[in-house]
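Summary of structural features
If you want the building blocks of each chain, they are given just below.
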There are 2 protein chains.
Amino acid sequence: MQTRKGQSIEDESMEIIEREIGPHPYKGHEWKIVRRIIHSTADFDFAGKNGLVFHKDAVNAGLDALKSGKNIIVDVNGIIGLLNKQNLQDFKNQVICDISNPDVVKEATKLNKTRAQTAMRIRASEMNGAVVVIGNAPTALLEVIQMVKENATRPSLIIGVPVGFVCASESKDELQALDIPFITNKGRKGGSPCASAIINALFKIVRGD
Amino acid sequence: MQTRKGQSIEDESMEIIEREIGPHPYKGHEWKIVRRIIHSTADFDFAGKNGLVFHKDAVNAGLDALKSGKNIIVDVNGIIGLLNKQNLQDFKNQVICDISNPDVVKEATKLNKTRAQTAMRIRASEMNGAVVVIGNAPTALLEVIQMVKENATRPSLIIGVPVGFVCASESKDELQALDIPFITNKGRKGGSPCASAIINALFKIVRGD
């Protein structure tokens, strides 16, 4: 929960963002999501050169999945720490992160893959209908894309905002070529605060805030 | 632990950063820390307009505190999720975060403060000699600064990289006026990935990586 003081700081922040943002292509629910990312990162590039890209069905698919208690599968624990816990409790969403699962570490080492990548593959079944959230590892996003192409799984929504210098941008381009609801952004930036802001913003829309 | 694949991606990322960074004022350990933040955020501003600022004793104070198992007190759980767990286990650092402590929520509501701010005040004792890490809430950083001024506590190192539009930048200016080892940065940017990258980088230096 947010205290009154916390809420008043948030309200003031949102007003500053509205005042300073300038022209941008986002409206309605999509703007609420982008604005929350800017609030979490203090980085206006998320409405510009690293701007968000929404599949036409993404917001509705995300709202439906979250309010009906679907799983949320994330690549790193940093995302979980930044999610509003009250939402998860009220809507009964299970949050799954296997990056530190000892079986994943063992398997990834054996196959010369990353842990984040291997953690996605073992959750094909729980990923059906789920919201998949990649905030860190491009390899994890590429693995999910591959799994969808193989018909190994079918998430409701893929949020793909990995960060970094190796394949982050390229993995986002591949996601946009997929016929599935996605939310992603342009370029190298992304990260846990961006990923969790998208989930927190979707829940706020569900609640009518 | 990092797999071989994960390590090779990290190495390639660091090479790209070194190639693209251009002139900057950082050297030695300080550059290793800044470079890891850029690696975590894909944002070169952390070496430029949002550049890191180091107190002259900050790096040594941080290395000493972390390797001798001092407490790490953080403002949000998002930081914990991004810390390398092997380090905490090997060096026996306790990580403390009270943002979701029900007593804190109750007290913050009663006093019309933020939760992050209240969570700092109740840990004055555990904060002595500790590394304090603020990655989100300017109110938490201002509270720690106030506590140091009152001689209520004396951390070994204050890492103050809150993010946001209300008082984030101002809180960092106040930290720099304090006579205590600090690591901070200029302006509104900051966040959990920046904060955790500083701790992870310090541990890497401790290990001689």
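As a starting point, this report considers the structure included with it. Every chain is numbered independently, its residues counted from 1 as its sequence is written. Just so you know, chain letters begin at A and ligand numbers begin at 1, following the order they were written in. Totals for whole chains, interfaces and linings use all residues, but because this is a predicted model, local features are given only for residues with pLDDT of at least 70 and pairs of side-chain atoms are given and counted only at 80 or more. Hydrogens and water molecules were not included; the side-chain quantities draw on all heavy atoms of the structure.

**Things to note about the side chain of B:Asn185**
Residues and elements named next belong to chain B. Elements are defined by DSSP. Helices are runs of H or I of four residues or more, strands are runs of E of two residues or more, and each kind is numbered from the N terminus. One can find Asn185 in strand β6 (residues 182-185). By relative accessible area, Asn185 is classed as buried at 0%. Separated by 2.9 Å, the side chains of Asn185 and Lys172 make a polar contact. As used in this structure description, the phrase polar contact means that two N or O atoms lie within 3.5 Å; if the pair is within protein, one of them must be able to donate a hydrogen and the other to accept it, and residues adjacent in sequence are counted only when both atoms belong to side chains. At 3.0 Å, the side chain of Asn185 forms a polar contact with the backbone oxygen of Lys189. Any two residues whose heavy atoms approach within 4.5 Å are treated as being in contact. Other than its neighbours up to four places away in sequence, Asn185 contacts Phe46, Asn50, Gly51, Leu52, Val53, Gly160, Val161 and Lys172. Only protein chains enter the accessibility calculation, which uses a 1.4 Å probe; a residue whose area is less than 20% of its type maximum is buried, one above 50% is exposed, and one in between is partly exposed.

**Details of the sheet that holds strand β4 (residues 131-134) of chain A**
Two strands make a pair as long as DSSP finds a minimum of two bridges between them. Taken together, the six strands give an open sheet; going across it, the order is β1-β6-β5-β4-β2-β3 (chain A), and neighbouring strands pair in mixed fashion. What marks the edges here is a single partner per strand, and that holds for β1 (52-54) and β3 (95-96) of chain A.

**A short note on the interface of chain B and chain A**
Interface size is commonly expressed as the accessible area that is lost once the parts come together. Contact with chain B, which involves 39 residues of that partner, is made by 39 residues of chain A. Surface buried jointly by chain B and chain A totals about 3,200 Å² across both partners, of which 65% is contributed by carbon and sulfur atoms. The rule for a salt bridge is simple: a side-chain nitrogen of Lys or Arg has to be within 4 Å of a carboxyl oxygen of Asp or Glu. In this assembly, chain B and chain A are joined by four salt bridges. For B:Arg188, the salt bridge goes to A:Glu20, with nearest N and O atoms at 2.8 Å. Taken together, the elements giving at least two residues each to the side of chain B that touches chain A come down to α1 (4-20), α2 (28-41), α4 (77-81), α6 (102-111) and α11 (192-206) of chain B. A total of nine residues in the side of chain B that touches chain A trace back to one element, the largest contributor, which is α1(B). Using a 1.4 Å probe, buried area is obtained as the accessible area two parts lose upon being combined, added over both of them.

**Concerning empty space enclosed by the protein**
Whether a set of points on the 1 Å grid over the protein atoms alone is a cavity depends on a 1.4 Å probe fitting there but being unable to get out, while an open set qualifies as a pocket with protein on both sides within 12 Å along at least five of seven lines; lining residues are those with an atom within 4 Å of a point. Grid points are joined across faces, edges and corners, and a volume is the space filled by probe spheres set on the points. Inspection of every chain in the model, using the stated rule, returns one cavity of 30 Å³ or more. Within this model, the largest cavity holds a volume of roughly 200 Å³. For the largest cavity, the lining is made up of 19 residues, of which A:Thr41, A:Gly190, B:Thr41, B:Gly190 and B:Pro193 are closest to its centre. Sorting the residues of the lining of the largest cavity by element identifies α2 (28-41) and α10 (192-206) of chain A together with α2 and α11 of chain B as the ones contributing at least two each. Residue composition of the lining of the largest cavity, grouped by class: seven nonpolar, eight polar and four charged. Throughout, the ten residues Ala, Val, Leu, Ile, Met, Phe, Trp, Tyr, Cys and Pro are labelled nonpolar, Asp, Glu, Lys and Arg are labelled charged, and all others, Gly among them, are labelled polar.

**Some thoughts on the nonpolar core**
Note on terminology: a nonpolar core comprises buried Ala, Val, Leu, Ile, Met, Phe, Trp, Tyr and Cys residues joined through side-chain atoms within 4.5 Å. Counting residues in each nonpolar core, the largest one holds 69 residues, and the members touching the most others are B:Ile159 and B:Ile198. With nine residues, the top contributor of residues to this core is α11(B). Sequence-distant contacts of B:Ile198, that is, excluding residues within four places in its chain, are made with B:Ile33, B:Ile37, B:Leu52, B:Ile159, B:Val161 and B:Ile183. Grouped together as the second largest cluster of nonpolar side chains are 67 residues, A:Ile99, A:Ala130, A:Val144 and A:Val161 included.

**Some details on the pattern of salt bridges**
The tally for this structure, following the rule as stated, stands at 36 salt bridges over all chains. Of the charged contacts, one joins A:Glu10 and A:Arg36 as a salt bridge, the two residues approaching to 2.6 Å between their closest N and O atoms. Here A:Arg36 lies in helix α2 and A:Glu10 lies in helix α1 (residues 4-20), a separation of 26 residues in the sequence. For A:Arg36, a relative accessible area of 12% translates into the label buried. With its nearest N and O atoms 3.0 Å apart, the salt bridge here joins A:Arg123 to A:Glu126. Within this structure, A:Asp43, A:Asp45, A:Lys189, B:Asp43, B:Asp45 and B:Lys189 form a network of salt bridges that share partners.

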